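# Structural overview for review
What follows is each chain in one-letter form.
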Amino acid sequence: MPGATDRMPEPVSIIIPVFNEEGAIASTLAAVESTMQASGRVYEVLVVDDGSEDGTAGVLAGTTARVVRHRANRGYGAALKTGIRATTHPLVAILDADGTYPIARLPELLAHLDEADMVVGARTGGSVHVPALRRPVKWLLTRAANLLSGHRIPDLNSGLRVFRRELATRFFGLFPDGFSFTSTITLASHINGYRVEYIPIDYYRRTGASSIRPVRDTLNFFLLIVRMVVTFRPLNVFLPTAAALLGLGAIKAALDFSRTGAFGVGAAILILTAIQIALMGLLADLVTRRTSL
């Protein structure tokens, strides 16, 4: 009788969102096909053309990939959601089409799903090309996510990852249409106790122009981190905020008393605001716990 190690690996749907990637999509698909054929795993490749305006559609017509098209550009997250809806395999892999990720590592990530719910290719390998202007922002966002979520997250928004489809369907209503999809599924998985593993990978210079809007997308990433933590672990946001205001109020009260022998209105406002925020956090935590039952 075959042992547990002889069972066939679970099939995977590989979703590749594209927007104006005529220069890279053909080589990306070729690398995926050669890599997955050698792995022996059953797979399908689904390309979601998110309203490309260049020659991407023509390139895709000459490939064997299954293609789903948006009539207009709807965003990275919207493309991934369309792909997830269109697949049925128990495992899902997502991959950018711009040549930045080492596609040859995909079978390795999939193998680790035997012990995890999601495996992320963390861009912490020996050769990582991140534009200099994005490095401080990436570092700051990662530290904010670590602090607020209470988990160590080496790479918050890597575009190379594999996960169980049931994990994605649980949080489907939370996924945004923009670039914050990967950050959302990362935070939701960690905060809700799913097993997330990180495999160090290289990250190469992209082919073609990036669609990221640095200022707007950075702000959206930060707001997303706060929103996700408030959704699942509100005390992680409310209590530190209340403690900071309480500390400021105590300092203000001490300064006022040393100068006038009495406590000022400013100190009272800070302390009362801290109490109100703490109570709001407790109420939000109660609601979160009741709705998760």
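Everything in this summary refers to the structure shown in the same document. None of these values were measured; they are calculated from a predicted model.

What counts and how
Residues numbered from 1 in each chain as written. Predicted model: local features only at pLDDT ≥ 70, side-chain atom pairs only at ≥ 80, totals over all residues. Heavy atoms only, no water. Helix = DSSP H or I, 4+ residues; strand = E, 2+ residues; numbered from the N terminus. Areas by Shrake-Rupley, 256 points an atom, 1.4 Å probe, with all protein chains shown as cover. Pairing = 2+ DSSP bridges. Axes fitted to C-alpha atoms, helices over the stretch in contact; angles between N-to-C directions. Contact = heavy atoms within 4.5 Å. Buried < 20%, exposed > 50% of the residue type's maximum accessible area, 1.4 Å probe, protein only. Expected span 1.5 Å × (residues − 1).

## Quick notes on the overall build of the protein chain
Regarding its fold elements, the protein chain presents 10 helices and 7 strands. In the form shown here, the protein chain has an accessible surface area of approximately 14900 Å², with 61% of it arising from carbon and sulfur atoms.

## Notes on unusual backbone geometry
Residue Asn 20 is not a glycine yet carries a positive backbone phi of 55°. Along the chain, the position of Asn 20 falls in the loop between β1 (12–18) and α1 (25–39).

## Structural notes on the sheet that holds strand β2 (residues 43–50)
Read across the open sheet, the 7 strands follow the order β3-β2-β1-β4-β6-β5-β7; overall the sheet is mixed. If you trace the sheet from one side to the other, it starts and ends with β3 (66–70) and β7 (196–200), each paired once. Pairwise comparison of adjacent strand axes, ignoring direction, gives a mean angle of 20° for this sheet. Two elements, β1 and β2, share 7 bridges in a ladder whose sense is parallel. Bridge pairing links Ile 16 to Val 47 in β2. Each of β1 and β2 is contacted by α1, which is oriented at about 170° to β1, the strand it contacts most.

## So, the environment of Pro 102
Relative to the elements of secondary structure, Pro 102 occurs in the loop between β4 (91–94) and α4 (106–111). Here Pro 102 falls in the buried class, since its relative accessible area comes to 9%. Along the backbone, Pro 102 and Thr 28 are 74 residues apart, and their C-alpha atoms lie at a distance of 9.9 Å. Once you skip the residues sitting within four places of it in the chain, Pro 102 turns out to touch Leu 160, Ile 201, Asp 202 and Tyr 204.

## Focus on the environment of Ala 244
Examined against the element boundaries, Ala 244 turns out to sit in helix α9 (residues 235–260). Sequence separation of Ala 244 and Ala 274 is 30 residues, and the distance between their C-alpha atoms is 7.9 Å.

## Re the side chain of Asp 117
Within the element layout of this structure, Asp 117 appears in the loop between α4 and β5 (118–122). The residues contacting Asp 117, other than those within four sequence positions of it, are Val 162, Phe 163, Arg 164, Leu 167, Tyr 194 and Arg 195.

## Side note on α9
Residues spaced three or four apart along an α-helix point in a common direction, a consequence of the helix completing one turn every 3.6 residues. Helix length check: α9 (26 residues) gives 36 Å between terminal C-alpha atoms against 38 Å at 1.5 Å per residue, within 8%. Turning to α9, its buried residues number three or more, namely Val 237, Phe 238, Ala 242, Leu 245, Gly 249, Ala 253 and Asp 256. Where α9 terminates, the next one or two residues include Gly 261, which has phi positive at roughly 80°.

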